[in-house]
Amino acid sequence: MARRHARPPLVLLVPALLAAALALLPLVYLGVRALERGWQPAADVLLRERTLRLVARSLALAGVVTAACLVLGVSTAWLVVRTRLPGRRVWRVLAALPLAIPSYVAAFAWIAAFPRLSGFLGAALVLTVCSYPYVYLPVAAALARTDPALEEVARSLGRSQLSTFLTVTLRQVRPAAAAGGLLVALYVLSDFGAVSILRYDAFTRVIYTSYRASFDRTPAAVLGCVLVVVTVLIVVAENRSRGRAAQARIGAGAARRMARVPLGRWTAPALGWLGALAALAVGVPLASLGYWLLSGRSGAVDVAALVTAAGSTLSVSALGALATIVLATPVGVLAVRHRGRLGRALEQSTYAGHALPGIVVALALVFFGIRYASPIYQRTPMLVVAYVVLFLPAAIGAVRASVTQSPPALEEMARSLGRTPGGVLRSVTLPLAAPGIAAGAALVFLTCMKELPATLLLRPTGMDTLATELWTQTSVAAYSAAAPYAALLVGLAAAPTLLLGRWSDRLDAGGEG
Amino acid sequence: MLISHRVTTALSAALLVAGLAACGSDSDADSGDTSTASAADETLTIYSGRNETLVGPLLEDLEEAVGTEVEVRYGDSAELAAQLLEEGERTEADLFFSQDAGALGALSKAGLLATLDEGIVETAPEDYRAKDGSWVGVSARSRVIIYNPDKVAEADLPQSVYELTDPKWKGQIGFAPTNASFQAFVTGMRVLAGEDRTREWLEGFKANEPTAYEGNSNVRDAVNSGEISLGLVNHYYLYEKITEVGAENVTARNHYLPGGDPGALVNVAGVGVLEGSDQADAAADAVEFLLGEQAQQYFADVTAEYPVREGITTTKHDLPELDSLQNPDIDLTELDSLEQTLALLDEVGLT
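Residues numbered from 1 in each chain as written. Chains lettered and ligands numbered in written order. Predicted model: local features only at pLDDT ≥ 70, side-chain atom pairs only at ≥ 80, totals over all residues. Heavy atoms only, no water.

## Considering the overall build of chain A
As a reminder, the rule being used: Each helix is a run of H or I in the DSSP string that is no shorter than four residues. Each strand is a run of E no shorter than two, and both are numbered from the N terminus. In this treatment the radius of gyration is a C-alpha quantity, and the globule benchmark scales as 2.2 Å times the residue count to the 0.38 power. Remark: exposure states derive from per-residue accessible area (1.4 Å probe, protein chains only) relative to the maximum for the residue type, with buried under 20%, exposed over 50%, and partly exposed in between. Pairs of residues are marked as contacts when any of their non-hydrogen atoms sit within 4.5 Å. The Shrake-Rupley method, run with a 1.4 Å probe, gives the accessible areas here. Residue values count only the displayed protein chains as cover. When charges are counted, Lys and Arg are positive and Asp and Glu negative, with His and the chain ends excluded. A charge is said to be at NZ when it belongs to Lys, at CZ for Arg, at CG for Asp and at CD for Glu.
A tally of regular secondary structure across chain A gives 23 helices and zero strands. For 513 residues, the compact-globule estimate of 2.2 N^0.38 gives 24 Å, and the C-alpha radius of gyration of chain A, at 23 Å, lies within 12% of that figure. Across its three principal axes, chain A shows a C-alpha extent of roughly 65 × 50 × 45 Å. Residues classed as buried in chain A amount to 62% of the 513 residues present. For chain A, the share of sequence-separated contacts (at least 6 apart) that also reach a separation of at least 24 residues comes to 85%. Roughly 19100 Å² of accessible area belongs to chain A as shown, and the carbon and sulfur atoms make up 67% of that amount. Put simply, chain A has 47 plus and 20 minus side-chain charges, and the middle of one group is 5 Å from the middle of the other.

## Some thoughts on the pairing of strand 3 (residues 95–98) of chain B
Regular strands place their side chains on alternate faces of the sheet. Residue and element names in this part refer to chain B. This is how it is decided: When DSSP finds two or more bridges between a pair of strands, those strands are recorded as paired.
On strand 3, burial covers both faces: Leu95 and Phe97 on one face and Phe96 and Ser98 on the other are all buried. In the sheet, strand 1 (residues 43–48) pairs with strand 3 via three bridges, with the strands oriented parallel. Note on strand 3: the bridge partner recorded for Tyr47 is Phe96. Relative to strand 9 (residues 266–273), strand 3 runs antiparallel, the two being bridged by four bridges. From the neighbouring strand, Phe97 faces strand 9, where its bridge partner is Val271.

## Description of the pattern of salt bridges
How we decide: Each salt bridge in this description consists of a side-chain nitrogen of Lys or Arg and a carboxyl oxygen of Asp or Glu lying within 4 Å of one another.
Scanning the model with the defined rule gives 16 salt bridges over all chains in all. Salt-bridge contacts for Arg33(A) lead to Glu86(B); the nearest nitrogen and oxygen are separated by 2.6 Å. One end of the pair, Arg33(A), is in helix 2 (residues 10–34); the other, Glu86(B), is in helix 3 (residues 77–87), on a second chain. Between Glu411(A) and Arg337(A) there is a salt bridge whose closest N-O contact spans 2.8 Å. Residue Glu411(A) is found in helix 19 (residues 408–416), and its partner Arg337(A) is found in helix 15 (residues 303–337); the two are separated by 74 residues along the sequence. Each member of the pair, Glu411(A) together with Arg337(A), is buried. When salt bridges with common partners are traced through the structure, they connect Arg220(B), Asp221(B), Glu240(B) and Lys241(B) into a single cluster.

## Thoughts on helix 8 (residues 216–224) of chain B
Residues and elements named next belong to chain B. Of all the nine residues making up helix 8, eight are buried; the element is thus mostly covered by neighbouring parts of the structure. Burial in helix 8 covers these residues: Asn216, Ser217, Asn218, Val219, Arg220, Ala222, Val223 and Asn224. Following helix 8 by one or two positions, Gly226 has its phi on the positive side, about 85 degrees.

## Concerning the packing of helix 10 (residues 161–190) of chain A against helix 13 (residues 217–241) of chain A
To describe two helices that pack against each other, one gives the angle between their axes and the distance between the axes. All names here are of chain A. In plain terms, the rule: Lines fitted to C-alpha atoms define the axes, with helix axes restricted to the stretch in contact, and inter-axis angles between N-to-C directions lie between 0 and 180 degrees. Between 65 and 115 degrees an angle is taken as roughly perpendicular, under 35 as roughly parallel, over 145 as roughly antiparallel, and anywhere else as oblique.
With their axes 10 Å apart at the nearest point, helix 10 and helix 13 run at an angle of 170 degrees to one another. Put simply, helix 10 runs roughly antiparallel to helix 13. Facing helix 10, whose interface residues are Arg174, Ala178, Ala179, Leu182, Ala185, Leu186 and Leu189, helix 13 presents Leu227, Val230, Thr231, Ile234, Val235, Glu238 and Ser241.

## A closer look at the pairing of strand 2 (residues 69–74) of chain B
All names here are of chain B. Under the convention used in this document: We call a crossover right-handed when, viewed with the strands running away from us, the connection from the first strand over the helix to the second turns clockwise.
With five of six residues buried, strand 2 lies mostly within the body of the structure. Sheet topology note: the strand 1/strand 2 ladder contains six bridges and is parallel. Looking at strand 2, one finds that Thr45 is bridged to Glu71. In the classification by handedness, the crossover that spans strand 1, the intervening helix 2 (residues 52–66) and the parallel strand 2 is right-handed.

## A few points about the confidence of the model for chain B
Detailed reading of predicted coordinates is not advised where the pLDDT is low. Residues and elements named next belong to chain B. Cut-off, in case you're wondering: pLDDT runs from 0 to 100 and stands for how confident the predictor is about each residue.
Per-residue confidence for chain B gives a mean pLDDT of 85, with 88% of residues at or over 70. Across residues 1–40 the pLDDT falls below 50, and counting only partners more than four positions away or on other chains, this stretch makes 39 contacts in the model. Overall fold confidence (pTM) sits at 0.83, and the ipTM for the predicted complex is 0.81.

## A short note on the packing of helix 15 of chain A against helix 18 (residues 380–405) of chain A
Residues and elements named next belong to chain A. We apply this condition: When the near helix sits turned anticlockwise from the far one by under a right angle, the crossing is termed left-handed; a clockwise turn instead gives a right-handed crossing.
Where helix 15 meets helix 18, the axes come as close as 6 Å, and the angle between the chain directions of the two elements is 40 degrees. Between helix 15 and helix 18, the angle falls in the class oblique. Here the hand of the crossing between helix 15 and helix 18 comes out right-handed.

## Some details on a positive patch on the surface
Residue and element names in this part refer to chain A. Our working definition: Patch membership requires more than 30% relative accessible area and the absence of a salt bridge. Residues of like charge join within 9 Å; the nonpolar side chains Val, Leu, Ile, Met, Phe, Trp and Tyr join within 5 Å.
On the surface, a cluster of positive charge is contributed by Arg240, Arg339, Arg341 and Arg344. Along the polypeptide, Arg341 turns up in helix 16 (residues 341–351). Relative accessible area serves as the criterion here: at 75%, Arg341 is assigned to the exposed category.

## Quick notes on a nonpolar patch on the surface
Where nonpolar side chains cluster on the molecular surface, the patch consists of Val301(A), Val303(A) and Val307(A) and spans about 260 Å² of accessible area. Among the residues examined, Val301(A) registers a relative accessible area of 44% and is labelled partly exposed.

## Side note on the interface of chain B and chain A
Quick note on the threshold: Accessible area that two parts lose when put together, evaluated with a 1.4 Å probe and summed over both, is termed the buried area. In protein, a polar contact requires one atom able to donate a hydrogen and another able to accept it; more generally it is a pair of N or O atoms within 3.5 Å, and residues adjacent in sequence count only if both atoms are side-chain atoms. Amino acids outside the nonpolar list (Ala, Val, Leu, Ile, Met, Phe, Trp, Tyr, Cys, Pro) and the charged list (Asp, Glu, Lys, Arg) are all regarded as polar, and Gly is one of them.
Each partner contributes to the interface: chain B provides 61 residues, whereas chain A provides 63 residues. Counting each side, the surface lost to burial between chain B and chain A is near 5200 Å², with a carbon and sulfur contribution of 57%. Here chain B is connected to chain A by one salt bridge. At the junction of chain B and chain A, the tally comes to 14 residue pairs in polar contact (both at pLDDT 80 or more). Among the elements that make up the side of chain B that touches chain A, the one with the highest residue count is helix 1 (residues 2–32) of chain B (14 residues). Considering only residue class, the side of chain B that touches chain A consists of 28 nonpolar, 15 polar and 18 charged.

The structure is reproduced here in structure tokens:
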């Protein structure tokens, strides 16, 4: 056993080290800025009563949103993957679709429809309906891949459906749900758009205000450091909660179709639950977009600009997703298969900057980019690096969850049959982790498309993406001019979601034979 | 070994694609009006905190007038200022076009702005430019009370922002607490009337249960629809609405406060030339262009702002003359104590 963890192959180690190094750049920057005028000003900011209050406010929001997302995400995934729900394929897409809607668009839509919806409740509501797919997607993927045998055994031993769900199924999806929950928590801590539009005084809002109000980077950097510490604590807690239970399937490594649970008289309530969720998460923002499209005079669509922006969005997001998944896969595999100190440290360090608001990561890359990488500064590769730093954890979580589910015994067997470590990786580990890798890539692709603050600061001068165009139009309140960009952004971001749904359907069918 | 080879191939492929795409997007930009890295030296790079939809056409005219290729990076004024502070002397930016005086002041304080030609900046009134000549205002805006005439008769309008604490306005007022212009107005009141008077006013204002909105446009829309009666905004939001839906569909009107009231603060958008610019001449020409008649007419007609150059009046909007405004006598560089304003707003609970 010990040998298996002993020496991680270089092919995994080198990219994983690169990933961790990139992810730690913002921390170095924050350290430089926080202490550039010595310890005293930094301590002053730290010891303000307001700082403590902000930590409490942000944690409260993150806690509530994460809990709500876990309930929504797991229940939705179970209904969609494991039951004979009418219109499953439609629900499958609808349930993931909120990911295609940027939180700032959703927040705008909600506050426009319900002007009094501000503060904690509004922020919690909007962030929950925007981010529960972070839980839904990995859990659905895990549910589609878990070995039905365990549940069948539990049922045949007389456990009820509910008891089986609680004791067997939930345990099997725990790593996926925990990874998703972690992403939600960190996303909430780093989100600026929604809390700012809904006027909830969270940490990020104050970091932004600090840049805007005083042009003094020390307070912002100190607050950023606090956010990093909070992140580290959350990551460690999640790591502990993940537990040691073996999640791997036993027996054949091939997927087998799960018997779907008939819902019977629960069909209508289940449909109502999913329908209400879709109405809140997708209906309200889309209705608002529709209204913007149809009202006002600023709506003459510049098709050429729209097409150019869409092309830029797709290309930088695809590059971002590719680079991120190439670096995230080794980290995810190492974290599960080589659970030594190094593997864990590498994985955790990639999360360090994840709760930082985009502006902080962007400024860190401005700082390093112009000094040490000036040939790519304000060129596409720099933007791709920013996406990697921002979204590595989203990809790693997905990869890790699916590697966890594949049995190490298979790899040991392949090894004993004479495969090299690299051969095992290629022919066993990676194919079994494919759903997670694909889900991770799709997630990062979606998230890159919506990213705004880093894109604004690091894009090549003169390049517009759908998100930056949307920002341009909405900041002068030209909503009808903004609507085509928002609609196209949501439409394009919906495509990978759709693919993901179809792809896992095929997986189910394949398991039949 | 095979896998490691494949992964290496994939990695290099990814990097290659990234590199190609970088070139690709640069040449995309080329087809517009920008340049590749090699030509960067001959390009005038503008960081614009002003919105592309507002000043894009003007900056295209600027390119023609100056005769140098112009590359514009749009963003938020404060964020671009933060970026410029991080870039320091290495920046490729030659000119910074800011939404407000505060961001320019911050760069000036950090020693990043060059001194402008005195003969050029004198076009703008003394109140609207830096004393040390590091930046100059190119257009001005006034704080106003926007009102719905169906709900408040013109004769009943408040004559001072201080009257807004009168209980008769309870629940009738809208404002945008997170908006930079609102915060600048509070800063102005602190400078004019002192901390205590401002705190007292903020507490009275809060007791009147004003409705907070995200952004001035939402305040304006709420007034226009009759949801509330009065709103604290900048003058041009009304004209933005008129342009969007037509004058006949807009109910709201602007009310300019008389007598040097803090509620009538006039602020500017302006420009500064970066100290490290390798295009100093072109940048100086650009500043001259922005203060010239064509650009000033553009501000008056298109963005419905006040031109800072004497003798230019709008041909499109029903806009009172800048001279006719009874704005408070205040040095714009004194509006840099925003942090204290935010602390005060936080203390009173108006965020």
